[in-house]
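Structural description and commentary
Each chain, letter by letter, is given below.
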2 protein chains.
Amino acid sequence: MNVDFINPFLSATIGVLKTMAFTEVQAGKPFLKKDKISHGDVSGIVGITGPPNGSMSLTFSKACIVQIVSNMLGETFQEVNDDIRDAVGELSNMISGTARNDLGKKGFSFKTSIPTVVSGPAHEIRHMCKAPTIAIPFKTTAGSFVVEISFENGSG
Amino acid sequence: MNVDFINPFLSATIGVLKTMAFTEVQAGKPFLKKDKISHGDVSGIVGITGPPNGSMSLTFSKACIVQIVSNMLGETFQEVNDDIRDAVGELSNMISGTARNDLGKKGFSFKTSIPTVVSGPAHEIRHMCKAPTIAIPFKTTAGSFVVEISFENGSG
């Protein structure tokens, strides 16, 4: 995968969580995943079409997303409910859209699908792409989450 | 949503499962979902970009997908493992690609992302689209599954 694709997603995640959810996040070092698997309790998934085609996911533990959405909506949540799922859809949309715009300025033209939100304790997410998936780990005071991006080989 | 979008996904599902997995499926009547929620054990998700943008999911119970992939690979599976997940990615890719080609012949130009596969007992899938999601229920001898498609309002 073109390494120029990583930073726009990293910056968009930091910026959107700060602006929308008043949450400071710390990005860890992006790494290549061979097994392409993540586990979490709530995930937002966005399809990306180019070429190259790809996919993006945000995968949160329950503790982490409950805290983020509590900050975002100014209301205290304890459980994963519809407000949390809607917020994950909104965050996925804004992060993928911000990254897409940033990539557009660099000459890469992508479109992004409407998000799909998955919830269920310890589900597994797998990007079905032959090329390695890039995982960007993030830390918050309430726990960690991961942003994954995957693109086909080819023009990327 | 444009009702012309439904049949290509319905026919593609029947055709791909017959050709690839030697499985005859019976389509039920498509219906509009207001709650946008499905539950299943293994799902394949594909992002769609147009306009209009959208998303597609296939959501299977464990019993149903284990039987389909056993037919497909000529090997008996009991549990959801990597072979099953890979097969769901492949089926999602082929069904969305076949529907996309069919829609292209009708003058609708869409692109489809790489699939993402979710597994985990009784996870919930939600398409984050303001317009209603269309659900197409299917029956097999090993149980039922659902194909959902969701498109933004607008040119669709």
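Residues numbered from 1 in each chain as written. Chains lettered and ligands numbered in written order. Predicted model: local features only at pLDDT ≥ 70, side-chain atom pairs only at ≥ 80, totals over all residues. Heavy atoms only, no water.

1. Let's talk about the confidence of the model for chain A
For chain A, the average pLDDT comes to 94, and 97% of its residues sit at 70 or higher. Of the two predicted TM-score estimates for the complex, the pTM is 0.95 and the ipTM is 0.94. (pLDDT = per-residue confidence, 0-100.)

2. Some points on the packing of aromatic side chains
Residue and element names in this part refer to chain A. With the rule as written, the count across this model stands at 12 aromatic pairs over all chains. Between F5 and F110 the ring centres are 5.4 Å apart and the planes differ by 85°, which places this aromatic pair in the edge-to-face class. Placement of F5 in the segment before α1 (6–21) and of F110 in the loop between α3 (82–105) and β5 (111–112) is noted, with a sequence separation of 105 residues between them. Note on F5: relative accessible area 0%, which makes it buried. One aromatic cluster is present, formed by F5, F108, F110 and F151 through successive ring pairs. (Phe/Tyr/Trp six-rings, centres within 6.5 Å; stacked < 30°, edge-to-face > 60°. Helix = DSSP H or I, 4+ residues; strand = E, 2+ residues; numbered from the N terminus. Buried < 20%, exposed > 50% of the residue type's maximum accessible area, 1.4 Å probe, protein only.)

3. Side note on the nonpolar core
If you look at the biggest cluster of nonpolar residues, it comprises 39 residues, and the most contacted ones within it are F9(A), M56(A), F60(A), I65(A), I68(A) and F145(A). Elements with a contribution of two residues or more to this core: α1, β3 (37–49), β4 (54–60), α2 (62–73), α3, β7 (133–140) and β8 (143–151) of chain A. In this structure F60(A) touches G40(A), D41(A), V42(A), I65(A), I68(A), V88(A) and F145(A), once residues within four positions along its chain are discounted. Formed by 38 residues, the second largest nonpolar core is a distinct cluster that contains L17(B), A87(B), V88(B) and L103(B). (Core = buried A, V, L, I, M, F, W, Y, C linked by side-chain atoms within 4.5 Å. Contact = heavy atoms within 4.5 Å.)

4. Some details on the pattern of salt bridges
Scanning the model with the defined rule gives 14 salt bridges over all chains in all. Where R85(B) meets E124(A), a salt bridge forms, and the shortest distance between an N and an O atom there is 3.3 Å. Here R85(B), found in helix α3 (residues 82–105), pairs with E124(A), found in strand β6 (residues 116–127), and the two come from separate chains. Grouping residues by exposure puts R85(B) and E124(A) together as buried. Among the salt bridges present, the one from R85(B) reaches D82(B), with a minimum N-O distance of 2.8 Å. Taken together, the positions of R85(B) and D82(B), both in helix α3 and three residues apart, correspond to about one turn of that helix. (Salt bridge = Lys/Arg side-chain N within 4 Å of Asp/Glu carboxyl O.)

5. Examining empty space enclosed by the protein
Summed over the entire model, instances satisfying the criterion amount to two cavities of 30 Å³ or more. A volume near 40 Å³ is recorded for the largest cavity. What lines the largest cavity is a set of 14 residues, and nearest its centre among them are I45(A), V46(A), G47(A), I45(B) and G47(B). Of all elements in the fold, only β3 of chain A together with β3 (37–49) of chain B reach the threshold of two or more residues within the lining of the largest cavity. The class makeup of the residues in the lining of the largest cavity is six nonpolar, eight polar and no charged. Of the volumes computed, that of the second largest cavity is approximately 30 Å³. Lining the second largest cavity are F9(A), I48(A), S96(A), R100(A), L103(A), F110(A) and T112(A). For the lining of the second largest cavity, the leading source of residues is α3(A), giving three residues. (1 Å grid on protein atoms, 1.4 Å probe; cavity = no way out; pocket = protein on both sides within 12 Å on 5 of 7 lines; lining within 4 Å. Points joined across faces, edges and corners; volume = space filled by probe spheres on them. Nonpolar A, V, L, I, M, F, W, Y, C, P; charged D, E, K, R; others polar.)

6. Regarding the layout of surface pockets
Here the largest pocket defines a volume of roughly 480 Å³. For the largest pocket, the lining is made up of 22 residues, of which M128(A), C129(A), K130(A), N93(B) and P115(B) are closest to its centre. At the level of secondary structure, the elements contributing two or more residues to the lining of the largest pocket comprise β6 of chain A together with α3 of chain B. Broken down by element, the residue count for the lining of the largest pocket peaks at seven residues, all from α3(B). Here the residues of the lining of the largest pocket are counted per class, giving five nonpolar, nine polar and eight charged. Taken as a whole, the second largest pocket spans an internal volume of roughly 360 Å³. What lines the second largest pocket is a set of 17 residues, among which N93(A), P115(A), M128(B), C129(B) and K130(B) lie closest to the centre. With six residues, α3(A) is the largest single contributor of residues to the lining of the second largest pocket. Classifying every residue of the lining of the second largest pocket by side-chain character gives five nonpolar, seven polar and five charged.

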